[in-house]
Amino acid sequence: MKKISKSPLFSFVVLTYVIFLLFFMVIGISIMLDAPESVINILQTIAAWSSTFAFIILFKKIYPGLRLKDFIKQQFAQKLSFSVLGTVVSIQVIIIAVTIFLLSKTTDTQVLALSFTGLGLMFLTFLDKLVKGPLGEELGWRGYALNELQKKYSPLNSALIVGFLWGFWHTPLWFTSGYTDMKLIKYIVLFMIGIISFSIIVTFFYKINKNLMIPIVMHQIFNFSLVLIKGDLLDILVYVMLSYFAVAVILIVINPKEILYKKSIGKDVNI
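Conventions adopted
Residues numbered from 1 in each chain as written. Predicted model: local features only at pLDDT ≥ 70, side-chain atom pairs only at ≥ 80, totals over all residues. Heavy atoms only, no water. Salt bridge = Lys/Arg side-chain N within 4 Å of Asp/Glu carboxyl O. Helix = DSSP H or I, 4+ residues; strand = E, 2+ residues; numbered from the N terminus. Buried < 20%, exposed > 50% of the residue type's maximum accessible area, 1.4 Å probe, protein only. Patch = residues over 30% accessible without salt bridge, like charges linked within 9 Å, V, L, I, M, F, W, Y side chains within 5 Å. Areas by Shrake-Rupley, 256 points an atom, 1.4 Å probe, with all protein chains shown as cover. Phe/Tyr/Trp six-rings, centres within 6.5 Å; stacked < 30°, edge-to-face > 60°. Axes fitted to C-alpha atoms, helices over the stretch in contact; angles between N-to-C directions. Parallel < 35°, antiparallel > 145°, perpendicular 65-115°, else oblique. Left-handed = near helix turned anticlockwise from the far one by under 90°. Contact = heavy atoms within 4.5 Å. Nonpolar A, V, L, I, M, F, W, Y, C, P; charged D, E, K, R; others polar. 1 Å grid on protein atoms, 1.4 Å probe; cavity = no way out; pocket = protein on both sides within 12 Å on 5 of 7 lines; lining within 4 Å. Points joined across faces, edges and corners; volume = space filled by probe spheres on them.

Caption draft 1: Inspection of the pattern of salt bridges at higher detail. Here the structure, examined in full by the defined rule, presents four salt bridges. A salt bridge links Lys 132 to Asp 128, with the shortest nitrogen-to-oxygen separation between them at 3.3 Å. Highlighted residues: Lys 132 and Asp 128, both in helix H6 (residues 119–132), separated by four residues, approximately one helical turn. Judged by relative accessible area, Lys 132 falls into the buried class, the value being 18%.

Below, the structure is given as structure tokens:
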């Protein structure tokens, strides 16, 4: 393997944060200038892809001699395990169902907590979440950062590092959530618990089936579930994020060897 730049991962994280912050400020200015919604939507999409852009910018320094196209192909080269895919989908569907059930029991709503506002609109929302979420984030955060960290750390430690960095990458969004004081603190705490727990779960199953489709599907369900479930966001987050936390703990307890100890993560990128 050819020599890689001294601190590529650090450069990737810093550049990801910088690109996102720059576009976040541009979005804010655009909103103040009453720019068309289509323009703001495009800017939001570009901002969501900041980790991918950072990785592309640094790619030649990180993996000299390797083509980006070949790297991307390698992320999907391993045969997709439908048993793993079915397991992660089932887990997340159960979390959604539990959340809906608990919301219906603890709130005053008289309707099903699942919002069906038209299949056409739901499909567009699904695509919007896909483009602004997993498609723009997973190549950098999981395809590169997580795999790179696992060369040095255990899967659990790698998951915690990525979860922490990925979570705090969302910081600007916290302060535009509309929450203040204790509600904002509650929002941030629940957000970080959920996203770090999610990172652990993704790492567990992604390690079993090293195909980037696993993190993409899980990330999409995670994001889209928050659109499907109707109710106060903080109430929803309590059940969703704590459910992901419970699943993460269960996975560590029932199969510690898969997550606690450093093992080979498969073939290295051929450079």
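Caption draft 2: Highlighting a nonpolar patch on the surface. Where nonpolar side chains cluster on the molecular surface, the patch consists of Phe 10, Val 14, Val 18, Leu 21, Leu 22 and Met 25 and spans about 550 Å² of accessible area. Tracing the backbone through its elements, the reader meets Phe 10 in helix H1 (residues 8–32). Phe 10 gets classed as exposed once you look at its relative accessible area, which sits at 59%.

Caption draft 3: Quick peek at unusual backbone geometry. At Asp 34, a residue that is not glycine, the phi angle is positive and equals roughly 60°. Looking at where Asp 34 falls in the secondary structure, it is placed in the loop between H1 and helix H2 (37–48). Given a relative accessible area of 68%, Asp 34 falls into the exposed group. In the Ramachandran plot, Asp 181 falls in the positive-phi region, its phi being about 55° despite a non-glycine side chain. Here Asp 181 is to be found in helix H10 (residues 181–208).

Caption draft 4: Region of interest: the packing of aromatic side chains. Evaluated as defined, the whole model comprises 23 aromatic pairs. Both rings, one in Phe 20 and one in Trp 169, keep their centres 4.6 Å apart while their planes meet at 45°; by these two values the pair is tilted. In this pair, Phe 20 is assigned in helix H1 and Trp 169 in helix H8 (residues 155–169), connecting sequence segments 149 residues apart. The exposure class of Trp 169 is buried, given its relative accessible area of 4%. Arranged with centres 5.4 Å apart and planes meeting at 25°, the rings of Tyr 63 and Phe 71 form a pair that is stacked.

Caption draft 5: Up close: the packing of H10 against helix H11 (residues 213–228). Interhelical geometry of H10 versus H11 gives an angle of 150° and a closest axis separation of 10 Å. By the angle class used here, H10 and H11 are roughly antiparallel. The two elements H10 and H11 cross, and the hand of that crossing is right-handed. On H11, the residues that touch Gly 194, Phe 198, Ile 201, Val 202, Phe 205 and Tyr 206 of H10 are Ile 214, Pro 215, Met 218, His 219 and Phe 222. When the residues that make up the contact of H10 with H11 are grouped by side-chain class, the tally is nine nonpolar, two polar and no charged.

Caption draft 6: Molecular detail of the layout of surface pockets. What the largest pocket holds in volume is close to 1,100 Å³. In terms of lining, the largest pocket is formed by 31 residues, of which the most central are Lys 129, Lys 132, His 170, Leu 173 and Tyr 187. Breaking the lining of the largest pocket down by element, the ones donating at least two residues are H1, H2, H6, H8, helix H9 (171–174), H10, H11 and helix H12 (233–254).

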